[in-house]
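Chain by chain, the residues:
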Amino acid sequence: MGTVTKALSLLGLFSHTRLEMGLSELTRLSGMNKATVYRMMSELQAAGFVEQLDGDRAYRLGAELLRLAALREAAVPLLSVSREVLRHLCEVTGETSHMSLQRDGRLTTLTHAYSSRHGTRVAMEDAEVLSFHATGSGLAYLAFAAPGFADEVLAGPLTRHTPETETDPDRLRAALDEARRTGIAESVGGFEADVHSHAAPIFGPDQIPIGALAVAAPVSRMTPELKALIRAEIKSSALALTQRIGGFCPATYPA
């Protein structure tokens, strides 16, 4: 990796479970030597990308990232547009909706929305890393990803998140074939127990998916009627979001 790539990879180590990290933890997680990590974190701190609290050696993400995020949103208002679509999905289905983005081989939630119709609902976190093989969002992405991406994912170690997680590559390929046929992927208890999710891919200008739109509900509430409603709404919403961000569906997508 080049110097810039190494520095950016340090920023990618922060997550909901690691909002603040010290030099030793950053060194351990990155696999770099301590002197290199210290030098890069010092440079990132000087540029405002990370910061340290007074008297605290732990680093956290800095305000410069907020400025860049605001500029990105001004140029391509993905966040505001997706939130509007997610609110619609919540109102119509009565269930949790969320959008995920793929970046550097990882699928993470960008934003989510809750319905007030039920007291019990599927809980989400923004910036949560989703499993490709165990979630509806991941399967929807893999089904239409660039050639070779799905094979690479399925050839690697496949984590069993719950007793229902499918880890057999042949069965997963069959699920991807079904997603390609219908345009919608489905997962039942694969990532979280008792969660039934449906997802459809969101495409960019190059007709390659950038992420997925999903609706997640408790298994106990997934009636045939609700399932049919979600499948219809998730597909039309994903197509609408693709168009609004300037994306194009490939000819192979069953629109």
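Residues numbered from 1 in each chain as written. Predicted model: local features only at pLDDT ≥ 70, side-chain atom pairs only at ≥ 80, totals over all residues. Heavy atoms only, no water.

1. What to know about the overall build of the chain
And then number 1: If you tally the helices and strands in the chain, you get nine helices and eight strands.
And then number 2: Taking 255 residues into account, the globule formula puts the C-alpha radius of gyration at 18 Å, and the chain, at 19 Å, falls close to it.
And then number 3: Based on the C-alpha atoms only, the size of the chain along its principal axes is roughly 55 × 40 × 35 Å.
And then number 4: Sorting the 255 residues of the chain into buried and exposed places 44% on the buried side. (Helix = DSSP H or I, 4+ residues; strand = E, 2+ residues; numbered from the N terminus. Rg over C-alpha atoms; globule rule 2.2 N^0.38 Å. Buried < 20%, exposed > 50% of the residue type's maximum accessible area, 1.4 Å probe, protein only.)

2. Quick word on the sheet that holds strand β3 (residues 96–103)
And then number 1: The antiparallel open sheet is built from six strands, whose spatial order is β5-β4-β3-β8-β7-β6. The sheet is open, and its two borders are formed by β5 (129–130) and β6 (185–188), each paired with just one other strand.
And then number 2: The pairing of β3 with strand β4 (residues 106–113) spans seven bridges and is antiparallel. For Arg 103, the partnering residue across the bridge sits in β4 and is Arg 106.
And then number 3: Helix α5 (residues 78–93) rests against β3, β4 and β8 (209–218) of the sheet, and its axis sits at about 65 degrees to β4. (Pairing = 2+ DSSP bridges. Contact = heavy atoms within 4.5 Å. Axes fitted to C-alpha atoms, helices over the stretch in contact; angles between N-to-C directions.)

3. Re the packing of aromatic side chains
And then number 1: Inspection of the entire model under this criterion finds six aromatic pairs.
And then number 2: Here Phe 132 and Tyr 141 contribute two aromatic rings whose centre-to-centre distance is 5.8 Å and whose plane-to-plane angle is 50 degrees, an arrangement assigned as tilted. Accessibility assignment for this pair places Phe 132 and Tyr 141 in one class, buried.
And then number 3: Ring pairing ties together the aromatic residues Phe 132, Tyr 141 and Phe 149, which thus form one cluster.
And then number 4: When the ring centre of Tyr 114 is taken as origin, the NZ or CZ atom of Arg 121, which lies over that ring, is 4.0 Å away. (Phe/Tyr/Trp six-rings, centres within 6.5 Å; stacked < 30°, edge-to-face > 60°. Lys NZ or Arg CZ within 6 Å of the ring centre and 35° of its normal.)

4. Examining the pattern of salt bridges
And then number 1: Counted under the stated rule, the structure contains 14 salt bridges.
And then number 2: Note that Arg 221 is salt-bridged to Glu 95, the shortest N-O span being 2.8 Å. Here Arg 221, found in the loop between β8 and α9 (224–244), pairs with Glu 95, found in the loop between α5 and β3; they are 126 residues apart in sequence, far enough to count as distant. The same class applies to Arg 221 as to Glu 95, namely buried.
And then number 3: A salt bridge links Arg 173 to Asp 170; the nearest nitrogen and oxygen atoms lie 3.7 Å apart. Residue Arg 173 and its partner Asp 170 are located together in helix α8 (residues 169–182), separated by three residues, close to a single helical turn.
And then number 4: Under the relative-accessibility criterion, Arg 173 is labelled partly exposed at 33%.
And then number 5: Assessed through its relative accessible area of 58%, Asp 170 is described here as exposed.
And then number 6: One salt-bridge network, in which partners are shared between bridges, spans Asp 151, Asp 170 and Arg 173. (Salt bridge = Lys/Arg side-chain N within 4 Å of Asp/Glu carboxyl O.)

5. Points about the packing of helix α1 (residues 3–11) against helix α3 (residues 34–46)
And then number 1: Between α1 and α3, the least distance of the axes is 10 Å, while the angle of their chain directions is 80 degrees. Taken as axis vectors, α1 and α3 run roughly perpendicular relative to one another. Seen from α1, the contacting residues are Thr 3, Lys 6, Ala 7, Leu 10 and Leu 11; seen from α3, they are Val 37, Met 40, Met 41 and Leu 44.
And then number 2: A per-class count over the contact of α1 with α3 returns seven nonpolar, one polar and one charged. (Parallel < 35°, antiparallel > 145°, perpendicular 65-115°, else oblique. Nonpolar A, V, L, I, M, F, W, Y, C, P; charged D, E, K, R; others polar.)

6. What to know about the pairing of β6
Put simply, side chains in a regular strand alternate between the two faces of the sheet.
And then number 1: Side-chain alternation along β6 places Ala 185 and Ser 187 on a buried face and Glu 186 and Val 188 on a face that remains uncovered.
And then number 2: Pairing geometry for β6 and strand β7 (residues 195–203), over four bridges, is antiparallel. If you follow Glu 186 over to β7, its bridge partner there is His 198.
And then number 3: The hairpin turn running from β6 into β7, its antiparallel successor, is six residues long, and Gly 189 in that turn takes a positive phi close to 70 degrees.

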